[in-house]
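Chain by chain, the residues:
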Amino acid sequence: MGRAHEVRAASMAKTAAAKSSKYAKWGKEIFEAAKAGVPDPEMNLKLKNVIARAKKDQCSADVIKRAIEKAKGVQSGASKETVYEGYGNGNVAVIVECLTDNVNRTYTEVRTAFNKTGGSIGSAVSYMFNRKARFVFDGMSEDEAMEALMNGEADFEDLSTNEDGFVTIIADPKDNDKVREALLAAKPDLEFEAEGVELVPTTYVKLDEESEGKFKRMLSLLRELDDVQAIHHNADIVEDDEE
């Protein structure tokens, strides 16, 4: 069909991958907010605020509904949280957090995504990560963020700015809410590129072009699975939705 068709198809695939990743991010955040309190936005202010930001980012109503229903399932005991560890192509450590009503099905699907792209599931890798609260944003300078945290008496472990001007704050998980509240008190309309408690690698792995392609393919396959809530890895790459 020609080069134009190939370029268009590749562009559409990349757009779909970015949208899938974005939906997964919002789905996880909505799920966590709903699970932590009442799974009703009218009775859970944090959940209501997360949903408002998700809608502003054009997250679909179906993704929001599914995340809330999953939280209800956990609270009722109908669903179970499971974690799978292993290595992706290039010896990248990977942790996949899932929520499922059928562990056997989920394990098979996750294992298939690993196997198809040269990875392997079953090796313990969690020791390579630390659970931290992480915030990334660009609507405030590093000095302004520092002042906001000091005014809010919010403890943090690291504060830095990358070459694109995005500020990153790392804190102990117990200080997650206090850091968020301090930043929003200083700038109520601040929008986060990333926020919340996640697993942060202690070291990163650089990949060659071939391994990076296979590893990104694995990420794409995992994100297509309904049961996958979050994926953590230590690959030193720029993912498609961040390029």
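The following paragraphs examine the structure supplied in this document. For clarity, every value in this text was computed on a predicted model and none was experimentally measured.

### Here's the deal with the pairing of strand 8 (residues 228-233)
Working step 1: With six of its six residues buried, strand 8 lies for the most part within the structure.
Working step 2: In the sheet, strand 2 (residues 92-100) pairs with strand 8 via five bridges, with the strands oriented antiparallel. In the strand pairing of strand 8, Cys98 is matched with Val228.

### Digging into the sheet that holds strand 7 (residues 192-201)
Working step 1: Pairing in this open sheet of four strands is antiparallel, and the strands run 5-6-4-7 from one edge to the other. At either margin of the open sheet sits one strand with a lone partner, and together these are strand 5 (158-161) and strand 7. In this sheet, neighbouring strand axes are inclined to one another by 20° on average, regardless of whether the strands run parallel or antiparallel.
Working step 2: Packed onto the sheet, helix 5 (residues 142-151) meets strand 4 (129-137), strand 5 and strand 6 (167-171) and runs at close to 160° relative to strand 5.

### Focus on the nonpolar core
Working step 1: Grouped together as the largest cluster of nonpolar side chains are 21 residues, with contacts concentrated most on Val94, Val110, Phe114, Phe215 and Leu222.
Working step 2: Ranked by residues supplied to this core, first place goes to helix 7 (residues 209-223) with five residues.
Working step 3: Apart from residues no more than four positions distant in its own chain, Phe114 is found in contact with Gly86, Tyr87, Val94, Val96, Gly119, Ser120, Ile121, Met218 and Leu222.
Working step 4: Membership of the second largest hydrophobic core comes to 17 residues, among which are Phe135, Ala145, Ala148 and Ile169.

### Topic: the sheet that holds strand 1 (residues 80-88)
Working step 1: Strand order in this open sheet of four strands is 3-1-2-8, and the pairing throughout is antiparallel. Of all strands in the sheet, those bounded by a partner on one side alone are strand 3 (120-121) and strand 8.
Working step 2: Of the strand pairs in this sheet, strand 1 and strand 2 are connected by nine bridges, and their pairing is antiparallel. Residue Tyr87 lies in a different strand from strand 2, and its bridge partner there is Ala93.
Working step 3: Across the face of the sheet, helix 4 (residues 103-116) comes into contact with strand 1, strand 2 and strand 3 while running at roughly 20° to strand 1.

### Notes on the packing of helix 5 against helix 6 (residues 176-186)
Working step 1: The interhelical angle for the contact between helix 5 and helix 6, taken along N-to-C directions, is 115°, at an axis separation of 8 Å. In the packing of helix 5 onto helix 6, the handedness of the crossing is right-handed. Listed contacts from helix 6 to Ala145, Ala148 and Leu149 of helix 5 are Val179, Ala182, Leu183 and Ala186.
Working step 2: Grouping the amino acids of the contact of helix 5 with helix 6 by side-chain chemistry returns seven nonpolar, no polar and no charged.

### Remarks on the side chain of Lys132
Working step 1: Here Lys132 shows up in strand 4.
Working step 2: A distance of 2.8 Å separates polar atoms of two side chains, one belonging to Lys132 and the other to Glu157.
Working step 3: Residue contacts for Lys132: discarding those within four places in its chain leaves Glu157, Ile170, Ala171, Pro173, Gly196, Val197, Glu198 and Val200.

### What to know about the packing of helix 4 against helix 7
Working step 1: As a packed pair, helix 4 and helix 7 sit with axes 9 Å apart at the nearest point and diverge in direction by 160°. Classified by the angle their axes make, helix 4 and helix 7 are roughly antiparallel. Viewed along their axes, helix 4 and helix 7 form a crossing whose handedness is right-handed. Each of Val110, Ala113, Phe114 and Lys116 in helix 4 lies in contact with helix 7, whose residues at this interface are Met218, Leu221 and Leu222.

The rules behind these values
Residues numbered from 1 in each chain as written. Predicted model: local features only at pLDDT ≥ 70, side-chain atom pairs only at ≥ 80, totals over all residues. Heavy atoms only, no water. Buried < 20%, exposed > 50% of the residue type's maximum accessible area, 1.4 Å probe, protein only. Helix = DSSP H or I, 4+ residues; strand = E, 2+ residues; numbered from the N terminus. Pairing = 2+ DSSP bridges. Axes fitted to C-alpha atoms, helices over the stretch in contact; angles between N-to-C directions. Contact = heavy atoms within 4.5 Å. Core = buried A, V, L, I, M, F, W, Y, C linked by side-chain atoms within 4.5 Å. Left-handed = near helix turned anticlockwise from the far one by under 90°. Nonpolar A, V, L, I, M, F, W, Y, C, P; charged D, E, K, R; others polar. Polar contact = N/O pair within 3.5 Å; in protein donor to acceptor, adjacent residues only side chain to side chain. Parallel < 35°, antiparallel > 145°, perpendicular 65-115°, else oblique.

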